[in-house]
Protein chains: 2
Amino acid sequence: MAPRKQREIFDATLTLLARRGYESLTIEGVAELSGVNKTTIYRWWPSKPALLAAALVEADALALDPPDTGSLRGDLEALVDGMIALLTRPPSSEIVVAALGAAVHHAELNIGGFFADRFAREQEIFDRARASGELAATADPMTIVDLLAGAVWVRAVFRGLPVEPGFARRAVSAVLDGVGSGATG
Amino acid sequence: MAPRKQREIFDATLTLLARRGYESLTIEGVAELSGVNKTTIYRWWPSKPALLAAALVEADALALDPPDTGSLRGDLEALVDGMIALLTRPPSSEIVVAALGAAVHHAELNIGGFFADRFAREQEIFDRARASGELAATADPMTIVDLLAGAVWVRAVFRGLPVEPGFARRAVSAVLDGVGSGATG
């Protein structure tokens, strides 16, 4: 399939997801909005969850371009600011929150694949930090990402509180410097 | 309403939520399972979200008894272990994951109230740690809780990965000691 056509299908999928929610999303609706024949869509993605899973990984709206600011602290703050934008600014927030909310009930959405893909891209941040000596030898990158991404999710989505301007700086400082009285922060 | 009767209503609400999901939860169903007249339930909780919000805050299955282990590190590890149990062990995991998943789409569920209630109870952990000098003066308790709770949620629910035995220790160490090379961890 031509990349442009594929992108139109994915964009239509995510637009409908944000507009109507996962339950009301249909391949027929995607066909109508994208102008691509329904049979063609089914040939490539045999089911709604398969189509949505592919759209989430490939879509421009959710693309992760790992930051490279020159320091681990700067990279992690930029990463958290990106997560905040993703979860609080339309249209990405409507797409991501709808997709992640639906994923909780629909294992077939394989949202783990979406997270695994992002983590693979984030890896270079930690590779550089290890090379530059900015990361403790015992540090576990996935735990760091889960702490930071999870904090944004809990604050913005579960608590429904505004994510204040200093949030990324404070969250990253907690994880890099520590909040214990013996830590450097 | 007698506390025992109220508890039966809440238990029935959460049982049905876990069994059928939020969309299929009805006050009629709660009345049937609890044996309490539907009119009585409506008199106390005028809507399904109002009933569920109350059930989530009051239910025994989700009760938070803040740990008091003698150290901030021990308290936070126990808190994280409690969150892991809540999100991975039935029946609480079925209830909490269904409720939090639904809350994403249904603001009327006021899941923020559930989190605010838990945070109020967690406050004593941080009060003790400040008094004992275990917490850096600049540390922000809500950020700490959001990092830790969020990490469990991302790992267990979004990534769908097993939460390995050392997870609580490692996550708490990251936040208390820091993972930067200049930190104490």
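Please read these numbers as outputs of a predicted model, since none were measured by experiment.

## Let's talk about the relation of the copies chain B and chain A
Taken as rigid bodies, chain B and chain A are interconverted by a rotation of 180° and an axial shift of 0.0 Å, the fit giving an RMSD of 0.0 Å. Taken together, these values place the two copies in the relation of a two-fold axis. By residue overlap, the copies meet face to face through one surface: 100% of the interface positions of chain B are interface positions in chain A.

## Focus: the UniProt feature "DNA-binding region" (unreviewed entry) in chain A
The UniProt record annotates "DNA-binding region" (unreviewed entry) at residues 26–45 of chain A. The distance from the first to the last C-alpha atom of residues 26–45 of chain A is 12 Å, and the span holds 75% helix and 0% strand.

## Structural notes on the packing of aromatic side chains
On inspection of all chains with the given rule, the structure shows twelve aromatic pairs over all chains. Here the aromatic rings of A:Phe114 and A:Phe115 are separated by 5.7 Å at their centres, their planes lie at 90°, and the arrangement is edge-to-face. The same class applies to A:Phe114 as to A:Phe115, namely buried. Between A:Lys48 and the ring centre of A:Tyr22, over which it is positioned, the NZ or CZ distance is 4.2 Å. The positively charged end of B:Arg159 is found above the aromatic ring belonging to A:Phe119, 5.2 Å away from the centroid.

## Some details on the nonpolar core
General note: in soluble globular proteins, nonpolar side chains tend to be found buried as a group. Ranked by size, the top nonpolar core spans 141 residues in total, and within it A:Leu76, A:Trp153, A:Phe158, B:Leu76, B:Trp153 and B:Phe158 carry the most contacts. Setting aside chain neighbours within four positions, we find B:Trp153 in contact with A:Val104, A:Trp153, A:Phe158, B:Leu87, B:Val97, B:Leu100 and B:Phe158.

## Points about the packing of helix α5 (residues 72–88) of chain A against helix α7 (residues 111–132) of chain A
Helix packing for two helices is described by the angle between their axes and how far apart those axes are. Residue and element names in this part refer to chain A. Here α5 crosses α7 at 160°, and the two axes come no closer than 9 Å. With respect to each other, α5 and α7 are oriented roughly antiparallel. Crossing hand, α5 versus α7: left-handed. Touching Leu72, Asp75, Leu76, Leu79, Met83 and Leu86 of α5 are Arg118, Glu122, Ile125, Phe126, Arg128 and Ala129, all from α7. Class assignment of the residues belonging to the contact of α5 with α7 gives a composition of eight nonpolar, no polar and four charged.

Scoring rules and cut-offs
Residues numbered from 1 in each chain as written. Chains lettered and ligands numbered in written order. Predicted model: local features only at pLDDT ≥ 70, side-chain atom pairs only at ≥ 80, totals over all residues. Heavy atoms only, no water. Least-squares fit on C-alpha atoms with pLDDT ≥ 70 in both. Contact = heavy atoms within 4.5 Å. UniProt positions renumbered as here; feature names shortened; annotations may be inferred. Helix = DSSP H or I, 4+ residues; strand = E, 2+ residues; numbered from the N terminus. Phe/Tyr/Trp six-rings, centres within 6.5 Å; stacked < 30°, edge-to-face > 60°. Buried < 20%, exposed > 50% of the residue type's maximum accessible area, 1.4 Å probe, protein only. Lys NZ or Arg CZ within 6 Å of the ring centre and 35° of its normal. Core = buried A, V, L, I, M, F, W, Y, C linked by side-chain atoms within 4.5 Å. Axes fitted to C-alpha atoms, helices over the stretch in contact; angles between N-to-C directions. Parallel < 35°, antiparallel > 145°, perpendicular 65-115°, else oblique. Left-handed = near helix turned anticlockwise from the far one by under 90°. Nonpolar A, V, L, I, M, F, W, Y, C, P; charged D, E, K, R; others polar.

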